[in-house]
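# Structural overview for review
Listed below are the residues making up each chain.
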Amino acid sequence: MALFALSSEHFDALFPAEVRQRIGAVAEIDTELVVERFDDPRLAGRLAELEVLITGWGCPPLTEDFLAAAPKLRAVLHAAGSVKAHVTQAAWDRGIVVSSAAAANAIPVAEYALATIILAGKGVFTLRESFRVDRTFKLGHIHPGIGNHGRRVGIIGASRIGRQVLELLRPFDFKVQVHDPYAEGLDIPLVSLPELLSTSDIVSVHAPSTPQTYRMIDREGLALLRDGAVLINTARGDLVDTEALVGELRTGRISAVLDVTDPEPLPSASILYDLPNAFLTPHVAGSHGNELARLGECAAEELERLVAGLSLRYQVTTTDLDRVA
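Residues numbered from 1 in each chain as written. Predicted model: local features only at pLDDT ≥ 70, side-chain atom pairs only at ≥ 80, totals over all residues. Heavy atoms only, no water.

### What to know about helix 7 (residues 160-169)
Residues spaced three or four apart along an α-helix face the same direction, because each turn holds 3.6 residues. Along helix 7, the residues that are buried comprise Gly162, Val165, Leu166 and Leu169. Taken end-on, helix 7 shows its buried residues confined to a sector of 100°, consistent with a single buried face. (Buried < 20%, exposed > 50% of the residue type's maximum accessible area, 1.4 Å probe, protein only. Helix = DSSP H or I, 4+ residues; strand = E, 2+ residues; numbered from the N terminus. Arc of directions from axis to C-beta.)

### Comments concerning the packing of aromatic side chains
Aromatic ring pairs are defined here through the distance separating the ring centres and the angle between the ring planes. This model, assessed by the stated rule, comprises 7 aromatic pairs. Measuring from ring centre to ring centre gives 3.9 Å for phenylalanine 38 and phenylalanine 66, while their planes differ by 20°; the resulting arrangement is stacked. Of this pair, phenylalanine 38 sits in the loop between strand 2 (34-35) and strand 3 (52-55) while phenylalanine 66 is found in helix 3 (residues 64-69), placing the two residues 28 residues apart along the sequence. Phenylalanine 66 matches phenylalanine 38 in its accessibility class, with the two residues each being buried. Look at phenylalanine 131 and phenylalanine 137: their rings are 5.7 Å apart centre to centre, the planes differ by 80°, and that puts the pair in the edge-to-face class. (Phe/Tyr/Trp six-rings, centres within 6.5 Å; stacked < 30°, edge-to-face > 60°.)

### Describing the sheet that holds strand 8 (residues 202-205)
What the 6 strands build is an open sheet, ordered 7-6-8-9-10-11; its pairing is parallel. The outermost strands of the open sheet, each flanked by one partner alone, are strand 7 (175-179) and strand 11 (278-280). Shown here is a sheet whose adjacent strand axes are inclined to one another by a mean of 15°, direction ignored. Pairing analysis gives 4 bridges linking strand 6 (residues 152-156) to strand 8, with the strands arranged parallel. Counted as the bridge partner of isoleucine 155 is serine 204 from strand 8. Against the sheet, helix 10 (residues 242-251) contacts strand 9 (230-233), strand 10 (255-258) and strand 11, and its axis sits at roughly 135° relative to strand 10. (Pairing = 2+ DSSP bridges. Axes fitted to C-alpha atoms, helices over the stretch in contact; angles between N-to-C directions. Contact = heavy atoms within 4.5 Å.)

### Some points on the UniProt feature "domain: D-isomer specific 2-hydroxyacid dehydrogenase NAD-binding" (unreviewed entry) in the protein chain
Per the UniProt record, "domain: D-isomer specific 2-hydroxyacid dehydrogenase NAD-binding" (unreviewed entry) is found at residues 141-285. The distance separating the terminal C-alpha atoms of residues 141-285 is 33 Å; by composition the span is 23% helix and 17% strand. (UniProt positions renumbered as here; feature names shortened; annotations may be inferred.)

### What to know about the pairing of strand 10
Side-chain alternation along strand 10 places Ser255 and Val257 on one buried face and Ala256 and Leu258 on a second face that is also buried. One ladder, built from 4 bridges, connects strand 9 with strand 10; its direction is parallel. Across the sheet, the residue bridging to leucine 231 is alanine 256, located in strand 10. In the classification by handedness, the crossover that spans strand 9, the intervening helix 10 and the parallel strand 10 is right-handed. (Right-handed = clockwise from strand over helix to strand, strands pointing away.)

### Quick look at the UniProt feature "domain: D-isomer specific 2-hydroxyacid dehydrogenase catalytic" (unreviewed entry) in the protein chain
Within this structure's numbering, the places UniProt gives as "domain: D-isomer specific 2-hydroxyacid dehydrogenase catalytic" (unreviewed entry) are residues 30-316. Here residues 30-316 is 32% helix and 14% strand, with 26 Å between the C-alpha atoms at its ends.

### A closer look at a nonpolar patch on the surface
Side chains of Phe131, Phe137 and Leu139 sit close together on the surface and give an oily, nonpolar patch of about 400 Å² of accessible area. Secondary-structure assignment places phenylalanine 137 in the loop between helix 6 (124-134) and strand 6. Residue classification places phenylalanine 137 among the exposed positions, given a relative accessible area of 57%. (Patch = residues over 30% accessible without salt bridge, like charges linked within 9 Å, V, L, I, M, F, W, Y side chains within 5 Å. Areas by Shrake-Rupley, 256 points an atom, 1.4 Å probe, with all protein chains shown as cover. Salt bridge = Lys/Arg side-chain N within 4 Å of Asp/Glu carboxyl O.)

### Remarks on helix 10
Looking at helix 10, one finds that the buried residues are Thr242, Ala244, Leu245, Val246, Glu248 and Leu249. Packed against the buried residues of helix 10 are helix 9 (219-224), strand 9, strand 10 and strand 11. Between a side-chain oxygen at the N-terminus of helix 10 and the backbone nitrogen of glutamate 243 the separation is 3.2 Å; the capping residue is aspartate 241. Directly beyond the C-terminal end of helix 10, a positive phi value near 80° is found at glycine 252. (Polar contact = N/O pair within 3.5 Å; in protein donor to acceptor, adjacent residues only side chain to side chain.)

Below, the structure is given as structure tokens:
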């Protein structure tokens, strides 16, 4: 037996009718029942037979009491990215198999990063501001210092998202380099963080948020950036020292495209809203709107593999936890 456990707010978007039908075809499940609490009275008599939990944002933690009430639970299939909020140590200790849709969620983030890298290379973010102020331009004028031919792009983090960005960049005439102490098997130059920051025109951040990566781009690192460099952050806001970033942006020396910030959301009085060289978006790089169905489809595919006795394609293990979001 299977069960949906997540916020009902996102249920229909994650699991539209066709995805629920796909799930219902391979598992005993009430495709209209979604719970946000494991003490939901509608679960009376169900937990004892529960084998598969299909989760999403808002799933409650798998406490020892819940696990005791669900002795047959053998798999958690998460229709979102990180599993850290609900998969407890007790669940890992019991040997429950865990899967995540992080790979599916990586797709729109990588697309966003590619788009912003290309636009940054064309100088769009700074030219848009000058055009908005001047409201005119000289037809045929060739802007010096912009363009994507041979532009050096630095990717921080060969994560699942980072690797997708690397693949998306291949058809273009960029010179790409990577910083990631865990990276293996890449055919792209691996460099230290200081070297990447000091030699890249565009830096795109894709590292996970861990104690080791907290403010990995600090005041000293930001000072290494070339004049005119663009920093793009679609990962987590706490990877960048916000106060130090504001200081660099105030000089006008660099620019930033920030889909995530620290804190998040920013206080309404933050100067980042007003600086012309800071381009902010409201945490939209990840899955939104019709992209959510891709996450549900990922969970459905994993369920089909589980029922067929196949290994999960996107299994998460405890050894991954120190290196993933």
